[in-house]
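# Commentary on secondary and tertiary structure
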There are 2 protein chains.
Amino acid sequence: MKHKGILVVVSGFSGAGKGTLMKQLVKTYDAYALSVSMTTRAPRPGETEGKDYFFISKEEFEKKIADGALVEYAQYCGNYYGTPKEYVEKQLEHGKDVILEIEIQGALKIKERFPSALLLFVTPPSMKELKRRLCGRGTETEEIIRARLSRAGEEAEGIEAYDYLVINDDLETCVKQMHALIQGAHSAPLRNEAFIANIRTQLEELSKGEK
Amino acid sequence: MKHKGILVVVSGFSGAGKGTLMKQLVKTYDAYALSVSMTTRAPRPGETEGKDYFFISKEEFEKKIADGALVEYAQYCGNYYGTPKEYVEKQLEHGKDVILEIEIQGALKIKERFPSALLLFVTPPSMKELKRRLCGRGTETEEIIRARLSRAGEEAEGIEAYDYLVINDDLETCVKQMHALIQGAHSAPLRNEAFIANIRTQLEELSKGEK
């Protein structure tokens, strides 16, 4: 079976290690393409156009919205962030599974619009480990860390909407697990409608006695 | 995470190779236990008690039904067939994934009663291949083969109720794929309720500032 790619949405707590995981996944296996978001915020030092983000103006972004050229978009702190549709569709057509990182509200919108999208939720092995990672750099105040944990609590309410929980303990193990889950998802009936329709047609013909 | 086992239901067209697949799966990996059905029909030459079936009397079987000692049961051609509950539950508790072969009606009953059961549907790569396998022995009449294909057509109507389609082309590849799908299924939120509840409790405590 030649598969069309799957749209894979990755969410998870800040500090869960999503970014590293996704980069490693794309680096390790040829099957994936990482979707790069568009944003209207200014590039930060070290950020590369087309790699970290596509940086565009507010007017250009609103034109994209009007043209239906975004898979999903959201506004944070007065800036737009969105997923360009053309890149995603082209990669999916070429059979690549497209990985995008979106927070839970966006993930639910994606699932509504693309029922065959696969939703992965990344979590550290324990919340103490999450706190340890958040505290790791030692530069954040107790108050900020507590706010992030509280935000994580809100995100945790949505876990059941995801197809799989990915526990990020060891990077390599976790990348392998993500790969297995995404490849496995290709076998769901929902993602094999043409194959199933074909089975049914063939069976009908064969049971009628046609060769 | 120490997992409780998953109840894995395998269905598929007659001629799809389910039996061989399941035996090979259980032989290759330590994670699985094969559920042996009970039946009231007489043993056929070569069949072993406790391996092919548990052979019991009609009275004993009806007592099992009355006692709720069966996971599911059905009647074919005047004989009962059923899945003993005690064996399944014991294996699941020990963390083994229990594999049982049931046709679609039974599979749907299982899913209703055990929502965390995993349903796999096995199919040959094409229906011409299915016909080739059904004709293989050369001992069946065209009429019987056509009846089986017609029965396969009815079964094909239910494929969407299954979690995964398993295409049995090459035995070894297929066994690996089944293993990956079952192991992946352990990561679904549905099968990690305790872990998720624990995440939520921990996050609540941590964001309140408790250590």
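Here, every reference points to the structure presented above.
This structure is a prediction, so every number in the text was calculated from the model and none was measured. (Residues numbered from 1 in each chain as written. Chains lettered and ligands numbered in written order. Predicted model: local features only at pLDDT ≥ 70, side-chain atom pairs only at ≥ 80, totals over all residues. Heavy atoms only, no water.)

### Concerning the overall build of chain A
Assigned secondary structure in chain A consists of eight helices and nine strands. Dimensions of chain A, computed from the C-alpha atoms along their principal axes, are close to 75 × 45 × 30 Å. Put simply, chain A has 211 residues, and 45% of those count as buried. Considering only intrachain contacts with a sequence separation of at least 6, the fraction spanning at least 24 residues in chain A is 67%. Summed over its atoms, the accessible surface of chain A is roughly 10900 Å², and 50% of this surface lies on carbon and sulfur atoms. (Helix = DSSP H or I, 4+ residues; strand = E, 2+ residues; numbered from the N terminus. Buried < 20%, exposed > 50% of the residue type's maximum accessible area, 1.4 Å probe, protein only. Contact = heavy atoms within 4.5 Å. Areas by Shrake-Rupley, 256 points an atom, 1.4 Å probe, with all protein chains shown as cover.)

### Re the nonpolar core
Judged by nonpolar contacts, the single largest core of 105 residues is most densely connected at F13 and L203 of chain A together with F13 and L203 of chain B. Apart from residues no more than four positions distant in its own chain, F13 of chain B is found in contact with I199 and L203 of chain A together with K18, F121, V122, T123, P124, M127, L130, A152, E155 and A156 of chain B. (Core = buried A, V, L, I, M, F, W, Y, C linked by side-chain atoms within 4.5 Å.)

### Things to note about the sheet that holds strand 6 (residues 79–84) of chain A
Residue and element names in this part refer to chain A. The strand order across the open sheet formed by four strands is 4-3-6-5, and the pairing between neighbours is mixed. Each edge of the sheet is formed by a strand with only one pairing partner; in this case those strands are strand 4 (54–55) and strand 5 (70–76). Where strand 3 (residues 38–39) meets strand 6, two bridges bridge the pair, whose relative direction is antiparallel. Within strand 6, the position partnered with T39 by the bridge is Y81. Sheet contacts for helix 2 (residues 58–67): strand 3, strand 5 and strand 6; angle to strand 6, the most-contacted strand, approximately 45°. Lying on the sheet, helix 3 (residues 85–93) is in contact with strand 5 and strand 6; it crosses strand 6 at an angle near 20°. (Pairing = 2+ DSSP bridges. Axes fitted to C-alpha atoms, helices over the stretch in contact; angles between N-to-C directions.)

### Structural notes on empty space enclosed by the protein
The final tally for this structure, using the stated rule, is one cavity of 30 Å³ or more. Estimates place the volume of the largest cavity at around 30 Å³. What lines the largest cavity is simply Y164, A180, L181 and G184 of chain A together with Y164, A180, L181 and G184 of chain B. Of all the secondary structure elements, the ones that give two or more residues to the lining of the largest cavity are helix 7 (171–185) of chain A together with helix 7 (171–185) of chain B. (1 Å grid on protein atoms, 1.4 Å probe; cavity = no way out; pocket = protein on both sides within 12 Å on 5 of 7 lines; lining within 4 Å. Points joined across faces, edges and corners; volume = space filled by probe spheres on them.)

### Some words on the relation of the copies chain A and chain B
With an RMSD of 0.0 Å, the fit of chain A onto chain B corresponds to turning through 180° and sliding 0.0 Å along the axis. The operation mapping one copy onto its partner corresponds to a two-fold rotation axis. Considering only C-alpha atoms, the part of chain A nearest the rotation axis is A180 of chain A, at 3.3 Å. Both copies present the same face, since 100% of the interface residues in chain A are matched by interface residues at the equivalent positions in chain B. (Least-squares fit on C-alpha atoms with pLDDT ≥ 70 in both.)

### Quick look at the interface of chain A and chain B
Listed as interface residues are 45 residues of chain A and, on the opposing side, 45 residues of chain B. Of the roughly 3600 Å² buried where chain A meets chain B, counting both sides, 67% is carbon and sulfur surface. Across the chain A-chain B interface, the total number found is four salt bridges. E157 of chain A is the partner of R200 of chain B in a salt bridge, and the nearest nitrogen-oxygen pair spans 3.9 Å. The tally of links from chain A across to chain B stands at 13 residue pairs in polar contact (both at pLDDT 80 or more). Of all the elements in the fold, those that place two or more residues in the side of chain A that touches chain B are helix 5 (127–135), helix 6 (142–156), strand 9 (164–167), helix 7 and helix 8 (193–207) of chain A. Of all the elements, helix 8 of chain A adds the most residues to the side of chain A that touches chain B, at eight residues. Of the residues assigned to the side of chain A that touches chain B, the class counts are 23 nonpolar, twelve polar and ten charged. (Buried area = accessible area lost by both parts, 1.4 Å probe. Salt bridge = Lys/Arg side-chain N within 4 Å of Asp/Glu carboxyl O. Polar contact = N/O pair within 3.5 Å; in protein donor to acceptor, adjacent residues only side chain to side chain. Nonpolar A, V, L, I, M, F, W, Y, C, P; charged D, E, K, R; others polar.)

### Observations concerning the sheet that holds strand 9 (residues 164–167) of chain B
Residue and element names in this part refer to chain B. Read across the open sheet, the five strands follow the order 2-7-1-8-9; overall the sheet is parallel. The outermost strands of the open sheet, each flanked by one partner alone, are strand 2 (32–34) and strand 9. Direction aside, neighbouring strands of the sheet carry axes that sit 30° apart on average. Bridge count for strand 1 (residues 7–12) against strand 7 (residues 97–101) is four bridges, and the pairing is parallel. Following the sheet pairing, V10 is matched in strand 7 by E101. Seen against the sheet, helix 7 touches strand 1, strand 2, strand 7, strand 8 (118–123) and strand 9 and runs at an angle of roughly 165° to strand 9.

### A closer look at the packing of helix 6 of chain A against helix 8 (residues 193–207) of chain B
Two numbers describe how helix 6 of chain A lies on helix 8 of chain B: the axes approach to 8 Å, and their chain directions differ by 155°. By the angle class used here, helix 6 of chain A and helix 8 of chain B are roughly antiparallel. In the crossing of helix 6 of chain A with helix 8 of chain B, the sense of the turn from one axis to the other is left-handed. Touching R146, L149, S150, A152, G153 and A156 of chain A of helix 6 of chain A are I199, R200, L203, L206 and S207 of chain B, all from helix 8 of chain B. When the residues that make up the contact of helix 6 of chain A with helix 8 of chain B are grouped by side-chain class, the tally is six nonpolar, three polar and two charged. (Parallel < 35°, antiparallel > 145°, perpendicular 65-115°, else oblique. Left-handed = near helix turned anticlockwise from the far one by under 90°.)

Function-wise, these values are silent; they only describe arrangement.
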